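Given next are the chains, with one letter for each unit.
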Amino acid sequence: MAFLNFMIKVPKFIPFLFKSQIWQFPNSDKYIYLTFDDGPIPEVTESILSILEEKQVEATFFCIGDNIKKYPDLFKKIIAKKHAIGNHTFNHLKGWNTSNDTYIQNVLLCQAEIEKYHFSVALFRPPYGKIKPKQSKLLREKGFKIIMWDVLSRDYNPNTNSTTCYNNTIKHTKSGSIIVFHDSLKAKNNVLESLPKVIDTLKEKGYTFKKID
């Protein structure tokens with residue numbers, strides 16, 4: 001599924017083939033799910049939290065364990081703002097390039113970091129969307145929900161801009177969509193410039209933002 005990183009909208013056959021992973025939450029109430037990967041990172045995450053607070057939007061942050069360890073106060077801010085937390089491995093590992101045992105242990109290492117704050121999560125998103133079927137099975141057996149996406153803003157791409165990220169998101173979002181942005185340094189300009197406009201437009205279209213639980 002390497003091509004997922006290049007596709008803005010996930011083709012319908014992918015969720016059909018990988019039914020054990022969650023790609024969207026179909027509903028008739030126009031609920032959508034805004035998610036952020038790779039944080040927490042100073043400046044970027046803080047700015048995103050400010051935007052979400054201003055717009056009164058809740059979201060889900062898939063955090064890297066090593067970043068939680070480096071920036072504990074920032075992680076606590078995400079929790080304090082009552083956003084949902086997900087596990088994104090401790091070292092942002094590519095499952096395809098990692099042995100099953102090493103991958104699972106890295107996820108559990110991130111989980112241990114999260115639980116230091118008396119906060120338990122059951123959500124996991126594989127970095128790059130690259131996870132072996134066996135790894136997925138092992139994590140689901142441990143109680144994790146594997147959260148993928150159906151709309152990718154591609155804010156991390158150095159060859160794109162905030163207008164393209166905005167258009168990518170608005171064009172493909174529908175009820176139940178799981179939208180991916182990144183609170184990372186390489187996505188900083190694109191996400192901070194496009195996010196307020198994305199939220200405003202989707203609200204105007206009648207959508208309500210919900211966190212994943």
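Conventions we followed
Residues numbered from 1 in each chain as written. Predicted model: local features only at pLDDT ≥ 70, side-chain atom pairs only at ≥ 80, totals over all residues. Heavy atoms only, no water. Helix = DSSP H or I, 4+ residues; strand = E, 2+ residues; numbered from the N terminus. Rg over C-alpha atoms; globule rule 2.2 N^0.38 Å. Buried < 20%, exposed > 50% of the residue type's maximum accessible area, 1.4 Å probe, protein only. Contact = heavy atoms within 4.5 Å. Expected span 1.5 Å × (residues − 1). Bend = angle between axes of the 7 residues up to and from the residue. Core = buried A, V, L, I, M, F, W, Y, C linked by side-chain atoms within 4.5 Å. Axes fitted to C-alpha atoms, helices over the stretch in contact; angles between N-to-C directions. Parallel < 35°, antiparallel > 145°, perpendicular 65-115°, else oblique. Left-handed = near helix turned anticlockwise from the far one by under 90°. Nonpolar A, V, L, I, M, F, W, Y, C, P; charged D, E, K, R; others polar.

A. Molecular detail of the overall build of the protein chain. Helix and strand counts for the protein chain stand at eight helices and eight strands. In terms of C-alpha radius of gyration, the protein chain reaches 16 Å, essentially the compact-globule figure of 17 Å for 213 residues. Along the longest, intermediate and shortest principal axes, the C-alpha atoms of the protein chain span 45 × 40 × 35 Å. Relative to its full complement of 213 residues, the protein chain shows a buried share of 53%. The contacts in the protein chain between residues at least 6 apart in sequence include a share of 76% that link residues at least 24 apart.

B. Representation of the environment of Ala122. Relative to the helices and strands, Ala122 is located in the loop between helix H5 (100–115) and strand S4 (123–124). A C-alpha to C-alpha distance of 7.9 Å links Ala122 and Asn87, two positions 35 residues apart in sequence. Apart from the residues within four sequence positions on either side, Ala122 is in contact with Gly143, Phe144 and Lys145.

C. Spotlight on helix H8 (residues 188–204). Its 17 residues give H8 an end-to-end C-alpha distance of 25 Å, which sits within 8% of 24 Å, the value for a rise of 1.5 Å per residue. The largest bend along H8 reaches roughly 35 degrees and is located at Ser194, with the proline Pro196 sitting one to four residues downstream. Residues of H8 that are buried make contact with strand S1 (31–37), helix H2 (44–55), helix H7 (162–172), strand S7 (178–182) and strand S8 (208–209). Residue Gly206 follows H8 closely and has a positive phi angle near 95 degrees.

D. Inspection of the nonpolar core at higher detail. The biggest cluster of nonpolar side chains holds 32 residues, and the ones touching the most others in it are Leu34, Phe36, Leu52, Phe61 and Leu195. When contributions to this core are tallied by element, the ones reaching two or more residues are S1, H2, strand S2 (60–63), helix H4 (72–80), H5, S7 and H8. Each residue touching Leu34, except ones within four places of it in the same chain, is listed here: Leu52, Val57, Ala59, Thr60, Ile179, Phe181, Leu195, Ile199, Phe209 and Lys210.

E. Spatial organisation of unusual backbone geometry. The step from Gly39 to Pro40 runs through a cis peptide bond, and the omega angle for that step is 0 degrees. Phi angles above zero are rare outside glycine, and Asp38 is one such case at about 95 degrees. Turning to its location among the elements, Asp38 is positioned in the loop between S1 and H2. Given the relative accessible area of 11%, Asp38 is considered buried.

F. Quick peek at the packing of H5 against helix H6 (residues 133–141). Here H5 crosses H6 at 40 degrees, and the two axes come no closer than 10 Å. On the basis of their axis angle, the class for H5 and H6 is oblique. Crossing angle aside, the handedness with which H5 passes H6 is right-handed. Along the contact surface, H5 presents Asn100, Tyr103, Ile104 and Val107, while H6 presents Lys134, Gln135, Leu138 and Leu139. Residues belonging to the contact of H5 with H6 are distributed by class as follows: five nonpolar, two polar and one charged.

Everything listed here is a matter of geometry and, on its own, says nothing about what the molecule does.
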